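What follows is each chain in one-letter form.
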Amino acid sequence: MMKTIKLIMTILAMAAVASCDFLEPESDNSRGQDVMDDPAYFCGPLNAAYDALPSMFNLNMDAMTDNAVVRNYSGNYYRAGIGNMSPNFNPLDCWNSCYSNIRLLNMFLNRMVLNDEHSYKTPIRFFAINNETDLENNLKMFWRLKGEAYALRAWYYFELLRNFAGEGADGQMLGVPLVGNKVLDQSQDLNIPRASLADCIKAIVDDCDSAVVVGKLPDLYLGTKDVVYNQSLSPHISGAAAKAIKAKALLLYASPAYNKSGETSRWEAAAKAAAAAVNAAGGINTKFFSMEEYYFSNINNTSITQDNVIFKGKWVIGNSSLESDNYPSAIYGSAVLNVSQNLVDAFTDAEGYPVSESSVYDSAKPFANRDARLDMYVGYDGGKIGTYAIDISEKGAEHYNPLNAASRSGYYLKKALRCNQVVCGPSNKKKGTSRACILIGLPELYLMYAEAANEAWGVNADPEGYGFTAQAALSRILLKDNKKGDLYLKNVIGADQDKFREYTRLQRRVELCFEGHYYYDLRRWYAGSDEWKSKLNVAVYGIMSEGGAYKTVEMEKRVFKAAYPPIPYAEVYNAGLVQNKGWNL
């Protein structure tokens, strides 16, 4: 912690009074002694913590798994995925940034104390107060903002856990240092040891509960009349998001890598938390947005109920960076990230049957009769990206040649790209889009419940009376884009708990690919077992077209020294933190 605090002290003084456009209104910086009476300045630390959320998916992160490769054999994710990850080199190192934001949120929470000397009770006026209704709204705003800070702090601690929690070299299951409500500075003892994973999970759960109970965050921001809770405020963190963060933390805690004794009670807690999040988002039958709506047209639409996008970062407008990075060169892209054959093989047929068990799959026509998401997420031979047809045949424009910037896997990325609208190329023809990083979406809520409820109670049990089961939750995902997508689930898997487990993992991989989940999922599922190397250190394949037939080719291997992620070397060296198993230098 010592190095972290020293690095961030200078920027936090500025961030504490900075305003961003996540929380309106902005204000100028020429104020005098009354600066803290301005809500924009007072909320500066909260604003800055919001502003630090990512605005776009970290697509290249999947190049650290067998979902994809980087075309040009370069970049930090490529280097980490082929064996170079270490305590000194980790492209997912968010230690400093997360603690910076936790410190900002603690600064804000320490300001948020009721003051009986004020007639309006709150530390500052959030509204002009002219009547009793204004007084009530002012107090509601106080509690809502406090709830948002609790939920955001829980998020940043969760980010730390999924990037650094693990079995320590001392054999203990450890989390990260907990700082409580303190705003630490260099005059204090900054050598705070790693807390137990259990204590870290409790801290996250407590913050999420406080966001809902103390902060009174609404499940969703609805309607137009309530000035504190109306749907125009949907970019703010909600009660549904707080409940989902709690579920994510408890799911991690229940997972095999962190629950080596297999305690069923942890799965039960995760299932209950996931069910609460599902219900907060409208329930098991909430209508899915289309892919276009989910990722683009509804992403910044504050005139609708945002019951699909539960929690997101700040949106950007007029953006074409993901398309420019990943379109084929013929349509002015760089084809940076190439989808693997490994991921393509994970897509089932249209009825949910794995291709190895399908009666309709034809290896000569491998893209026919497949899960509809394959065409939605992946550009394959004979398919299209927008109106551009992909041809990887020996005479085709996309046949791999190191000199032509074609995909080296034979596949292109479409997931999270607005292929029918975004135009790259000459500046006079460019057309961008609005987008945001969806941190938690409705499909993930259903997948979390399916996974946890199966482990806790089995495939079809509903002991808590929610009105839905693990199978029902997974079926919603399978039928979202395929009319008969759950036939394999019902006809083959049935009530088999083990088969359901593996199938749910498969569906998480497909549904959430390139959204920043699979790397973490692999670790929470397998890091605690002896088979971790066979699951993490795997060969990555692509295809080539030769003589009218497809040939599978090995492109590279994933290599990791250890299963749990490394603690940054500076924190081990300077603060004496226990390193995770397998990373001691």
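Residues numbered from 1 in each chain as written. Predicted model: local features only at pLDDT ≥ 70, side-chain atom pairs only at ≥ 80, totals over all residues. Heavy atoms only, no water.

Topic: the overall build of the protein
Formally: In DSSP terms, a helix is any run of H or I states spanning at least four residues, a strand is any run of E spanning at least two, and both are numbered starting from the N terminus. C-alpha atoms define the radius of gyration in this analysis, and the globule rule sets the expected value at 2.2 Å times the number of residues to the power 0.38. Partly exposed describes any residue whose relative accessible area lies between the buried limit of under 20% and the exposed limit of over 50%, with all areas from a 1.4 Å probe on protein chains only and scaled to the type maximum. Here, residues are in contact when the closest pair of their heavy atoms is within 4.5 Å. For accessible areas, the Shrake-Rupley method is used with a probe of radius 1.4 Å. Any residue's cover is judged against the shown protein chains and nothing else. In this charge count, Lys and Arg are treated as positive and Asp and Glu as negative; neither His nor the chain ends contribute. Charge coordinates come from a single atom per side chain, which is NZ of Lys, CZ of Arg, CG of Asp or CD of Glu.
Regarding its fold elements, the protein presents 20 helices and 14 strands. Relative to the globule expectation of 25 Å for 585 residues, the C-alpha radius of gyration of the protein, 24 Å, shows essentially globular dimensions. Seen through its principal axes, the protein has C-alpha atoms that stretch 85 × 55 × 50 Å. A burial count over the protein gives 58% of its 585 residues as buried. For the protein, long-range pairs separated by at least 24 residues make up 69% of all intrachain contacts whose partners lie at least 6 apart in sequence. Element-wise, carbon and sulfur atoms account for 49% of the exposed surface of the protein, whose accessible area totals about 23100 Å². When the 60 positive and 65 negative side-chain charges of the protein are each reduced to one mean point, those points stand 2 Å apart.

Some points on the packing of aromatic side chains
Note the cut-off: Any pair of Phe, Tyr and Trp rings, taking the six-membered ring for Trp, is counted once the centres come within 6.5 Å. Such a pair is stacked with planes under 30 degrees apart, edge-to-face with planes over 60 apart, and tilted for the rest. Only when the NZ atom of a Lys or the CZ atom of an Arg is both within 6 Å of the ring centre and within 35 degrees of the ring normal do we say a charge sits over the ring.
Tallied over the entire structure, the rule returns 28 aromatic pairs. Aromatic side chains Tyr466 and Phe468 sit 5.8 Å apart centroid to centroid with 25 degrees between the ring planes, which places their arrangement in the stacked category. For Tyr466, a relative accessible area of 23% puts it in the partly exposed group. Here a set of aromatic residues connected by ring pairs shows up, and it is made of Phe57, Tyr294, Tyr295 and Phe296. The side chain of Arg111 reaches across the aromatic face of Phe42, ending 5.8 Å from its centre.

Some points on helix H17 (residues 497-511)
Note the following rule: Here the expected length of a helix is defined as 1.5 Å per residue gap, with one fewer gap than residues. Under the rule applied, a polar contact is a pair of N or O atoms within 3.5 Å (in protein, one hydrogen donor and one hydrogen acceptor; residues adjacent in sequence only if both atoms are side-chain atoms).
For H17, built from 15 residues, the straight-helix expectation of 21 Å at 1.5 Å per residue is met to within 8% by its first-to-last C-alpha distance of 21 Å. Here H17 has its buried residues at Phe500, Tyr503, Thr504, Arg505, Gln507, Arg508, Arg509, Val510 and Glu511. Of the residues flanking the start of H17, the one acting as N-cap is Asp496, its side-chain oxygen 3.0 Å from the backbone nitrogen of Asp498.

A few points about the state of the cysteines
For clarity, the threshold we go by: In this description, a disulfide is simply a cysteine sulfur pair whose atoms lie within 2.5 Å.
Within this structure, the stated rule accounts for zero disulfides. Its sulfur unpaired, Cys200 is 12 Å from the next cysteine sulfur, which belongs to Cys98. Summary of cysteine pairing: Cys437 is not part of a disulfide, and the nearest cysteine sulfur, belonging to Cys94, is at 13 Å. Look at Cys437 and you get buried, because its relative accessible area is 6%.

Re the pattern of salt bridges
As a reminder, the rule being used: By salt bridge we mean one thing: a side-chain nitrogen of Lys or Arg within 4 Å of a carboxyl oxygen of Asp or Glu.
Across all of its chains, the model carries 31 salt bridges by this definition. Close ionic contact of Arg162 with Glu159 constitutes a salt bridge, the shortest N to O distance being 2.6 Å. With Arg162 and Glu159 both in helix H6 (residues 132-164) and three residues apart, this pair spans about one turn of that helix. Its relative accessible area of 15% is what places Arg162 among the buried residues. In this structure Glu159 comes out as buried when scored by relative accessible area, which is 15%. Residues Glu444 and Lys248 are paired through a salt bridge, measuring 2.6 Å at the closest nitrogen-oxygen approach.

Observations regarding the side chain of Thr433
Within the element layout of this structure, Thr433 appears in strand E11 (residues 433-435). Among the polar contacts listed, one links the side chain of Thr433 to the side chain of Arg418, at a separation of 2.7 Å.

Quick word on the nonpolar core
To keep it simple, the criterion reads: In these notes, a set of buried Ala, Val, Leu, Ile, Met, Phe, Trp, Tyr and Cys residues joined through side-chain atoms within 4.5 Å is what counts as a nonpolar core.
Formed by 180 residues in total, the largest nonpolar core has its most connected members in Phe311, Leu445 and Tyr449. Tallying contributions element by element places H6 first for this core, with 15 residues. Apart from residues no more than four positions distant in its own chain, Leu445 is found in contact with Ala244, Ala277, Val278, Ala281, Ile310 and Ile440.

A closer look at the confidence of the model for the protein
The following threshold applies: The score called pLDDT rates the predictor's confidence residue by residue, from a low of 0 to a high of 100.
Per-chain confidence: the protein averages 93 in pLDDT, with 94% of residues scoring 70 or above. Counting interchain partners and residues more than four positions distant, the pLDDT-below-50 stretch residues 6-33 has 58 contacts.

Focus on the side chain of Thr469
Within the fold, Thr469 resides in the loop between helix H14 (442-457) and helix H15 (470-480). Excluding residues within four positions of it along the chain, Thr469 makes contact with Tyr449, Val459, Asn460, Ala461 and Asp462.

Overview of the packing of helix H3 (residues 44-51) against H6
Quick note on the threshold: Every axis in this analysis is a line fitted to C-alpha atoms, fitted for helices over the stretch in contact. Angles between the N-to-C directions lie between 0 and 180 degrees. Throughout this description, any angle smaller than 35 degrees is read as roughly parallel, any larger than 145 degrees as roughly antiparallel, any in the 65 to 115 degree range as roughly perpendicular, and the remainder as oblique. Handedness of a crossing is defined here by the sense of rotation of the near helix relative to the far one, left-handed for an anticlockwise turn of less than a right angle and right-handed for a clockwise turn. Lys, Arg, Asp and Glu make up the charged group, whereas Ala, Val, Leu, Ile, Met, Phe, Trp, Tyr, Cys and Pro make up the nonpolar group; the residues left over, Gly among them, are polar.
As a packed pair, H3 and H6 sit with axes 11 Å apart at the nearest point and diverge in direction by 40 degrees. In terms of orientation, H3 lies oblique with respect to H6. Seen along the crossing, H3 lies across H6 with a hand that is left-handed. Contact residues: H3 offers Leu46, Ala49 and Tyr50, while H6 offers Leu145, Glu148, Ala149, Leu152 and Tyr156. Broken down by class, the residue content of the contact of H3 with H6 amounts to seven nonpolar, no polar and one charged.

Some remarks on the packing of helix H7 (residues 197-213) against helix H8 (residues 239-254)
Where H7 contacts H8, the axes come no closer than 9 Å and their chain directions differ by 165 degrees. Between H7 and H8, the angle falls in the class roughly antiparallel. Between H7 and H8 lies a crossing of left-handed hand. On H8, the residues that touch Leu197, Ala198, Ile201, Ile204, Val205, Cys208, Asp209, Ala211 and Val212 of H7 are Gly239, Ala242, Lys243, Ile245, Lys246, Ala249, Leu250, Leu252 and Tyr253. Residues that form the contact of H7 with H8 fall into these classes: 14 nonpolar, one polar and three charged.

With respect to helix H18 (residues 518-526)
Within H18, nine of the nine residues are buried, leaving the element largely enclosed by the surrounding structure. When we look at burial in H18, the residues that qualify are Tyr518, Tyr519, Tyr520, Asp521, Leu522, Arg523, Arg524, Trp525 and Tyr526. Contact partners of the buried residues in H18: H6, H8, H14, H17 and helix H19 (532-536).

Brief notes about unusual backbone geometry
Of note in the backbone geometry, Tyr332 takes a positive phi value of approximately 65 degrees without being a glycine. Tracing the backbone through its elements, the reader meets Tyr332 in the loop between helix H11 (321-326) and strand E6 (337-339). The phi torsion at Phe514 lies on the positive side, around 65 degrees, for a residue other than glycine. Relative to the assigned elements, Phe514 resides in the loop between H17 and H18.

Here we look at the environment of Thr348
Note that Thr348 resides in the loop between helix H12 (341-346) and helix H13 (372-377). Spatially, the C-alpha atoms of Thr348 and Glu263 are 32 Å apart, while their sequence positions differ by 85 residues. Excluding anything up to four places from it in sequence, Thr348 contacts Tyr353, Pro354, Arg370, Asp371, Tyr503, Leu506 and Gln507.

Thoughts on the environment of Leu174
Position of Leu174 among the secondary structure elements: in strand E3 (residues 173-174). For Leu174, a relative accessible area of 9% gives the class buried. Linking Leu174 and Pro256, residues 82 residues apart in sequence, is a C-alpha distance of 15 Å. Setting aside anything within four residues of it in sequence, one finds Leu174 in contact with Ala165, Gly166, Gly168, Arg194, Ala195, Ser196, Leu197 and Val578.

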